[in-house]
Amino acid sequence: MTTALERTDKPALSEADFIAGFHAIGEERYHHKHPFHQLMHDGQLTRGQLQAWALNRYYYQSHIPLKDAAILARSHDHTFRVAWRKRVLDQDGDGVTPGGIEKWLKLVEATGLPRIQAVTGEGILPGTRYAVQEYVHFVSTHSNLEAVAASLTELFARKLIALRLDRLREHYPWLSTGLDYFTGRLTQAPEDADFALAWVVRHARTREEQDAAHAALRAKCDILWAQLDALYFAYINPGWPPPGAFVPPEPVPQ
C-alpha cells in the first residue's frame, strides 16, 4: 500500500507529461463516449428524450456560475480573479448581452418545453441534482488548484461541441433556433481551457499536487458521466423515470 510519504517522494512529472496526463484522462473518461451522446449524434433520440436532456442539462448550466463564484471567493490572487470572473459573465450575461444560461433556456424552448419548467427545476432527475450539487461541493471544499483542474474538461469540449452542432442541425432541424449556446462555446471553451491549463501547470509544483490535479479532472469526468447515466436509465434503457421526474410525451416524427 502506498503511503502519503511515498506519494510525496515521487518525482514531479515534466510539464509535457503532466499535460499529457490530462489528455489521456479526457480520451478515456470524457462524456463524448457515453451511449446517450452517441445516440444523440446518430439521430436516434426522440423529441421527448431530447427534452429530458435539455431540461436536466439546464440544471447543470444554471449552477456553473455558482461553481465559479465559489472559486473566486476563495482566491486571494487579483490577476486570477480578473481572468476567472469572465466565466460568470459568460453564463449569467451582463444585463445587455445574454449569457449561456439564457441561451440554454432558448434550447429548452426549441425542444417544445416552457422555460419556466427548467427555471423551477420541475422534473429534474435525482441523479442530476446529486451530480451537479457534488460538483459545486467539490470546488467549494477542495483546493483552488483542484477546483481549477476540474474545469479542464473544457480541453475536450470544443471538438464535442462542433460535432454536436453538426449532428443536431442534421438530425433535429427543429432545434435550429436554440443552438446559440453551442456556437458561443466554440470560442469560449478553448480560451477558458488555455488559461486554466496554464494556471494549473504553473501552480502544481510537486508530484502530489500534479496527482491531485489529475484526480480532480477524473472526478469532474465522473460527474458529467453520472448525469448521462441518469438520463440513459430514465429515458432509454430500461426507461424508468423516477417519481416526480419529467415524463416525455409520446414520440412525434422527427
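Residues numbered from 1 in each chain as written. Predicted model: local features only at pLDDT ≥ 70, side-chain atom pairs only at ≥ 80, totals over all residues. Heavy atoms only, no water.

**Examining the overall build of the chain**
Put simply, the rule is: For helices the rule is a DSSP run of H or I covering at least 4 residues; for strands it is a run of E covering at least 2, with both sets numbered from the N terminus onward. When we talk radius of gyration, it's over C-alpha atoms, and the globule rule is simply 2.2 Å times the number of residues to the 0.38. Burial here depends on accessible area, computed with a 1.4 Å probe over protein chains only, as a share of the maximum for the residue type. Under 20% is buried, over 50% is exposed, and the range in between is partly exposed. Residue contacts follow a heavy-atom distance rule, with two residues in contact if any of their heavy atoms lie within 4.5 Å. Areas reported as accessible are Shrake-Rupley estimates using a 1.4 Å probe. Residue values count occlusion only from the protein chains shown.
Along the backbone of the chain there are twelve helices and zero strands. In sequence order, the chain lays out its α and β elements as α-α-α-α-α-α-α-α-α-α-α-α. Taking 254 residues into account, the globule formula puts the C-alpha radius of gyration at 18 Å, and the chain, at 19 Å, falls close to it. Projected onto the principal axes, the alpha-carbon positions of the chain cover approximately 60 × 45 × 30 Å. Scored against the burial criterion, the 254 residues of the chain give a buried share of 48%. Long-range pairs, those at least 24 residues apart, make up 80% of the contacts in the chain between residues at least 6 apart in sequence. Here the chain has roughly 12,100 Å² of accessible surface; of this, 55% comes from carbon and sulfur atoms.

**With respect to the packing of helix α4 (residues 47–73) against helix α6 (residues 100–111)**
Quick note on the threshold: With axes taken as lines fitted to C-alpha atoms, and helix axes fitted only over the stretch in contact, angles between N-to-C directions fall between 0 and 180 degrees. Roughly parallel here means an angle under 35 degrees, roughly antiparallel means over 145, roughly perpendicular means 65 to 115, and every remaining angle is called oblique. By convention the crossing between two helices is left-handed if the near helix lies anticlockwise of the far one by an angle smaller than a right angle, and right-handed if it lies clockwise. The classification used treats Ala, Val, Leu, Ile, Met, Phe, Trp, Tyr, Cys and Pro as nonpolar, Asp, Glu, Lys and Arg as charged, and all other residues, Gly among them, as polar.
Two numbers describe how α4 lies on α6: the axes approach to 9 Å, and their chain directions differ by 165°. Classified by the angle between their axes, α4 and α6 sit roughly antiparallel to one another. The handedness of the crossing between α4 and α6 is left-handed. Here α4 contributes Arg47, Leu50, Gln51, Trp53, Ala54, Arg57, Tyr58, Gln61, Ser62 and Pro65 to the contact with α6, which in turn contributes Ile101, Trp104, Leu105, Leu107, Val108, Ala110 and Thr111. Along the lines of polarity and charge, the residues of the contact of α4 with α6 split into eleven nonpolar, four polar and two charged.

**Description of helix α11 (residues 180–203)**
Since one α-helical turn is 3.6 residues long, residues separated by three or four positions face the same way. Using the following cut-off: What a helix should span is 1.5 Å times the count of its residues minus one. Bend, in this description, refers to the angle at a residue between axes fitted to the seven residues ending there and the seven starting there.
In this model α11 runs 34 Å from its N-terminal to its C-terminal C-alpha over 24 residues, within 8% of the 34 Å that 1.5 Å per residue would give. The sharpest bend along α11 comes to roughly 40°, located at leucine 186, with the proline proline 190 sitting one to four residues further on.

**Overview of the confidence of the model for the chain**
We apply this condition: Confidence of the prediction at every residue is given by pLDDT, a number between 0 and 100.
Summary statistics for the chain give a mean pLDDT of 93 and a share of 95% for residues scoring 70 or more. The model gives residues 1–6 a pLDDT under 50, and that stretch makes two contacts with residues more than four places away or in other chains.

**Considering the pattern of salt bridges**
As a reminder, the rule being used: Any Lys or Arg side-chain nitrogen found within 4 Å of a carboxyl oxygen on Asp or Glu counts as a salt bridge.
Taken as a whole and judged by the stated rule, the model has 15 salt bridges. In this structure, the salt-bridge partner of glutamate 28 is arginine 29, at a minimum N-O distance of 3.7 Å. A relative accessible area of 53% means that glutamate 28 is categorised as exposed. Residue classification places arginine 29 among the partly exposed positions, given a relative accessible area of 28%. Ionic pairing is found between arginine 115 and glutamate 102, a salt bridge with its closest N-O pair at 2.8 Å. Placement of arginine 115 in helix α7 (residues 115–120) and of glutamate 102 in helix α6 is noted, with a sequence separation of 13 residues between them. Judged by its relative accessible area of 26%, glutamate 102 falls in the partly exposed class. Each of Lys86, Arg87, Asp90, Glu154, Arg185, Glu191 and Asp192 takes part in one network of salt bridges that share partners.

**Comments concerning the packing of helix α8 (residues 126–141) against helix α12 (residues 207–235)**
With their axes 8 Å apart at the nearest point, α8 and α12 run at an angle of 165° to one another. The orientation of α8 with respect to α12, classified from their angle, is roughly antiparallel. Note on packing geometry: the crossing formed by α8 with α12 is left-handed. In contact with Gly127, Thr128, Ala131, Val132, Glu134, Tyr135 and Phe138 of α8, α12 contributes Ala216, Ala219, Lys220, Ile223, Ala226, Gln227 and Ala230.

**Section: helix α2 (residues 15–29)**
For the record, the criterion: In this description, one arc is meant: the one made by directions from the helix axis to the C-beta atoms.
Helix length check: α2, at 15 residues, gives a terminal C-alpha distance of 21 Å against a target of 21 Å (1.5 Å per residue), a fit within 8%. The set of residues buried in α2 consists of Phe18, Gly21, Phe22, Ile25 and Gly26. Buried residues of α2, seen end-on, are gathered within an arc of 130° and therefore sit on one face of the element. Projecting away from the buried face of α2 at angles above 90 degrees are the exposed residues Ala16 and Glu28. Here the buried face of α2 lies against α10 (154–171), α11 and α12.

**Notes on the packing of aromatic side chains**
Quick reminder of the rule: Pairing of aromatic side chains here covers Phe, Tyr and the six-membered ring of Trp, requires ring centres within 6.5 Å, and sorts the geometry by plane angle: under 30 degrees stacked, over 60 edge-to-face, intermediate tilted.
According to the stated counting rule, one finds 15 aromatic pairs in the structure shown. Considering the side-chain rings of tyrosine 60 and tyrosine 135, the 6.4 Å spacing of their centres and the 10° angle between planes classify their relative orientation as stacked. Here tyrosine 60 is found in helix α4, whereas its partner tyrosine 135 is found in helix α8, with 75 residues between them in sequence. Here phenylalanine 80 and tryptophan 199 contribute two aromatic rings whose centre-to-centre distance is 5.0 Å and whose plane-to-plane angle is 45°, an arrangement assigned as tilted.

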